[in-house]
Amino acid sequence: MKIRRFTDADAPAVSELIRTTLRISNAKDYPPEMIEALIERETPEHVKQRASWTHFYVAENETGIIGSGAIGPYWDKQDESSLFTIFVHPDYQGKGVGRAIIETLEQDEFALRAKRIEIPASITGLPFYQKLGYTFKNGHSEMDAERLYRLEKYRIPEDQRILLKQILERRSYRGKYKNIKVPRAHLTAIMEAGLAAPSGCNKQTTSLIAVDDDKLLSELKSVIDPPVASTAPAMICVLTRRIIAYRDRCFAVQDYSAAIENMLLAIHALGYQSCWYEGHITDEDRIGYQMAQILGVPDEYELVCILPIGVAEEEPVKPRKKAFEERAWFNGFKNE
Ligand SMILES: Cc1cc2nc3c(=O)[nH]c(=O)nc-3n(C[C@H](O)[C@H](O)[C@H](O)COP(=O)(O)O)c2cc1C
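Note that the coordinates shown come from a computational prediction; the quantities given were computed from them, not determined experimentally.

Draft legend 1. Highlighting the domain arrangement of the protein. Per the domain assignment, the segments making up the protein are domain 1 (2–155) and domain 2 (163–309). One C-alpha centre belongs to domain 1, the other to domain 2, and the line joining them spans 53 Å.

Draft legend 2. Spotlight on the pattern of salt bridges. If you walk through the whole model with that rule in mind, you get 18 salt bridges. Here E80 makes a salt bridge to R116, at a shortest N to O gap of 2.7 Å. Here R116 lies in strand β5 (residues 116–121) and E80 lies in strand β4 (residues 80–88), a separation of 36 residues in the sequence. On the basis of relative accessible area, E80 is assigned to the buried category, the value being 9%. The partner of R150 in a salt bridge is D144, and the shortest N-O contact between them spans 3.2 Å. The class of R150 is partly exposed, set by a relative accessible area of 26%.

Draft legend 3. Quick peek at the side chain of D108. Note that D108 resides in the loop between α4 (97–106) and α5 (109–112). Here D108 sits buried without a salt bridge, and the closest side chain of opposite charge, R5, lies 4.3 Å off (N-O distance). What D108 contacts, discounting residues up to four positions off in sequence, is R5, H55, Y57 and I71.

Draft legend 4. View of the nonpolar core. Counting residues in each nonpolar core, the largest one holds 24 residues, and the members touching the most others are M235, M291, L303 and I306. Elements with a contribution of two residues or more to this core: α9 (214–222), β9 (234–240), α11 (287–295) and β10 (302–309). Once residues lying within four places of it in the same chain are set aside, the contact partners of M291 are L220, V223, I224, M235, L303 and I306. Counting residues in hydrophobic clusters, the runner-up holds 23 residues, among them I66, V88, V97 and A114.

Draft legend 5. Highlighting the packing of aromatic side chains. In this structure the tally under the stated criterion is 7 aromatic pairs. Judged by centre distance (4.8 Å) and plane angle (45°), the rings of F6 and F56 are tilted. With F6 in the loop between β1 (2–5) and α1 (11–24) and F56 in strand β2 (residues 55–61), the pair connects residues that are 50 residues apart, well separated along the chain. Relative accessible area serves as the criterion here: at 11%, F6 is assigned to the buried category.

Rules of the game
Residues numbered from 1 in each chain as written. Predicted model: local features only at pLDDT ≥ 70, side-chain atom pairs only at ≥ 80, totals over all residues. Heavy atoms only, no water. Domains from an automatic or database assignment. Salt bridge = Lys/Arg side-chain N within 4 Å of Asp/Glu carboxyl O. Helix = DSSP H or I, 4+ residues; strand = E, 2+ residues; numbered from the N terminus. Buried < 20%, exposed > 50% of the residue type's maximum accessible area, 1.4 Å probe, protein only. Lys, Arg positive; Asp, Glu negative; His and termini not counted. Contact = heavy atoms within 4.5 Å. Core = buried A, V, L, I, M, F, W, Y, C linked by side-chain atoms within 4.5 Å. Phe/Tyr/Trp six-rings, centres within 6.5 Å; stacked < 30°, edge-to-face > 60°.

Below, the structure written as structure tokens:
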């Protein structure tokens, strides 16, 4: 079975498919006069007309066209789309054809740009669409005047996925770096991202030092024992000041954590790799303190983390993360 775009030459076969499906499958759920009216409407001309303003697909096997489906804008909305004309020949229902059609439609540009996809679903099709993640529009489970359920699925449009992709693809990188300089413009952009992070009571307790001078880098690396990031062409040192936000509350740790995550994401977005090295340099051997001395950092600041920055020579390792359901829930703690 293959799914391809409709051409006008397919109109008679698609019209026939729709009519057969209405007669055999939908007739179980709708009165005969309604089915007859629909059969009359679904002429080859009507199919062609619908295909003229949608992206219309057909599923085909050696016997001919066995399924159809279309996606188009929801009314005049640029960011909402609607599915139409989803029909699978009764002989091929329950064999994955419908699912394959929906998956194709959900990859179409009308779907990718949409934040919401609506389906006017027949009584017959309702359980199928629900299985594919479509739910009642605005929670309303009543049928409309045409005795169709209004279903919908929210999705994240491609242009809004960019940041989410960066977040999901970020990894801690501990491998070798290529001998390629990181331009100042990039280091500045990364530090700006760090400084843009929220801070408790806006106390802005985090400060940053980027190091890209080879001599100074080697001096800093010489105190890191056991060595990490020894091939990184640049690093950002994260400093904190334990300033009280209010009463006895100090949010310095939260502040620099937010700044570090912003920077890790910026580093990744610019095509570099990094790793949050904090445990390594803040242990009893006080490597961070020694680095702060080299950098001339005043006593009231503490160097708590280094972020190496560079182009990776190896593939970052993907750590095992617990399943979503083990750590995140809706409306209450659900971990059994
Ligand atoms: C507070 C903190 C301290 C960390 N310190 C170190 C460290 O000293 N050395 C290291 O290799 N990784 C360190 N990491 C990185 C974690 O090991 C890493 O985030 C974790 O294994 C998950 O992998 P991922 O970042 O690829 O998702 C630290 C991370 C955090 C949040």
